[in-house]
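Coordinate analysis (summary)
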Amino acid sequence: MSASVWTVERIRRLIALWGEGRTAAAIADRLGPEISRCAVLGKVHRLGLVRAAPARPPSRPRGASAFPKRRFQQVAPSRPASQVSSPAAPERPEATVLSVRRGQCRWPYGTPGSVDFGLCGHAVARGAFCAAHAAIGYQTRPMSAEGLMRLAGFGHDPS
DNA sequence: CCCTGATTCGC
DNA sequence: GCGAATCAGG
């Protein structure tokens, strides 16, 4: 017979002790060696006994193996379909941070700080980028109706 | 580094 | 349902 470790008696004591404001570790101690602090926390949570939440803004997705190793996401300029039909972008950087001059595309290549880091260097078409990279970097996303109204000077002001 | 409670997920 | 793992904050 596999009686749950959480007997009625233990649950009763848990509720009482939790109500007294004891800490999970202290409760785990009193409930016996079978009950760990985590077990207490888990049970408390499961019972919905969560002590008055101090309005803690849920900062992030958390929990066991939420993101075990994928914690760092590669953040690199993504290359959507726009690049396919755009004028050629160089395979390798043709300028460096030090060498790049006015009129040269400043699209980054490689990892900043590493020796191979460089800049596109092609002739600027728009802003700081050549045509190919401007197509990627200056994508204008469709603006919401609210955004358009705000931009037009019609703030949504009910009063 | 110790502690706290909170949260998630594999079992 | 259970609780270890892992989080943020003190």
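About the cut-offs
- Residues numbered from 1 in each chain as written.
- Chains lettered and ligands numbered in written order.
- Predicted model: local features only at pLDDT ≥ 70, side-chain atom pairs only at ≥ 80, totals over all residues.
- Heavy atoms only, no water.
- Helix = DSSP H or I, 4+ residues; strand = E, 2+ residues; numbered from the N terminus.
- Buried < 20%, exposed > 50% of the residue type's maximum accessible area, 1.4 Å probe, protein only.
- Contact = heavy atoms within 4.5 Å.
- Areas by Shrake-Rupley, 256 points an atom, 1.4 Å probe, with all protein chains shown as cover.
- Core = buried A, V, L, I, M, F, W, Y, C linked by side-chain atoms within 4.5 Å.
- Salt bridge = Lys/Arg side-chain N within 4 Å of Asp/Glu carboxyl O.
- Axes fitted to C-alpha atoms, helices over the stretch in contact; angles between N-to-C directions.
- Parallel < 35°, antiparallel > 145°, perpendicular 65-115°, else oblique.
- Nonpolar A, V, L, I, M, F, W, Y, C, P; charged D, E, K, R; others polar.
- Phe/Tyr/Trp six-rings, centres within 6.5 Å; stacked < 30°, edge-to-face > 60°.
- Arc of directions from axis to C-beta.

As named in an unreviewed UniProt entry, chain A is GcrA cell cycle regulator, taken from Brevundimonas bullata.

**Some points on the overall build of chain A**
When you go through chain A residue by residue, the secondary structure sums to five helices and two strands. Counting from the amino terminus, helix and strand elements in chain A follow one another as α-α-α-β-β-α-α. By the burial criterion, 21% of the 159 residues in chain A qualify as buried. In chain A, the proportion of contacts linking residues at least 24 apart, taken out of those at least 6 apart, comes to 43%. Entry remark: accessible area of chain A is about 12500 Å², with carbon and sulfur atoms responsible for 57%.

**Here we look at the nonpolar core**
Residues Trp 6, Leu 14, Leu 17, Trp 18, Ala 24, Ile 27, Ala 28, Leu 31, Ile 35, Val 40 and Val 44 constitute the largest nonpolar core, which totals 11 residues. Listed by contribution, the elements that provide at least two residues to this core are helix H1 (8-19), helix H2 (24-31) and helix H3 (37-47). Top contributing element to this core by residue count: H2, with four residues. If we ignore the near neighbours within four places in the chain, the residues touching Val 40 are Trp 6, Leu 14, Ala 24, Ile 27, Ala 28 and Ile 35. Counting nine residues, the second-largest nonpolar core is a separate cluster that includes Cys 105, Cys 130, Ala 132 and Ala 134.

**A look at the pattern of salt bridges**
Enumeration over the complete set of coordinates arrives at two salt bridges. The partner of Glu 20 in a salt bridge is Arg 22, and the shortest N-O contact between them spans 3.1 Å. A residue is classified by how much of its surface remains accessible, and Glu 20, at 53% relative accessible area, is exposed.

**Points about the packing of H1 against H3**
Contact geometry for H1 and H3: axes closest at 11 Å, N-to-C directions at 85°. Taken together, H1 and H3 sit at an angle that is classed as roughly perpendicular. For the pair formed by H1 and H3, the contact residues are Ile 11, Leu 14, Ile 15 and Trp 18 on the first element and Val 40, Leu 41, Lys 43, Val 44 and Leu 47 on the second. Split into classes, the residues belonging to the contact of H1 with H3 amount to eight nonpolar, no polar and one charged.

**Comments concerning the packing of aromatic side chains**
A complete count under the given rule lists two aromatic pairs for this structure. Consider the rings of Phe 129 and Tyr 138, whose centres lie 5.3 Å apart with planes at 45°: the pair is tilted. The buried category is assigned to Phe 129, whose relative accessible area is 15%. Judged by relative accessible area, which is 31%, Tyr 138 ranks as partly exposed. Linked through ring pairs, Trp 107, Phe 129 and Tyr 138 together constitute an aromatic cluster.

**Notes on H3**
Among the residues making up H3, those that are buried are Val 40, Lys 43 and Val 44. Across the axial projection of H3, the buried residues extend over an arc of 100°, all falling on one side. Seen from the buried face of H3, the exposed residues on the opposite side, beyond 90 degrees, are Cys 38, His 45 and Arg 46. Structurally, H3 contributes buried residues whose contacts are with H1 and H2. Where H3 ends, the next residue or the one after it, Gly 48, has phi of about 75°, a positive value.

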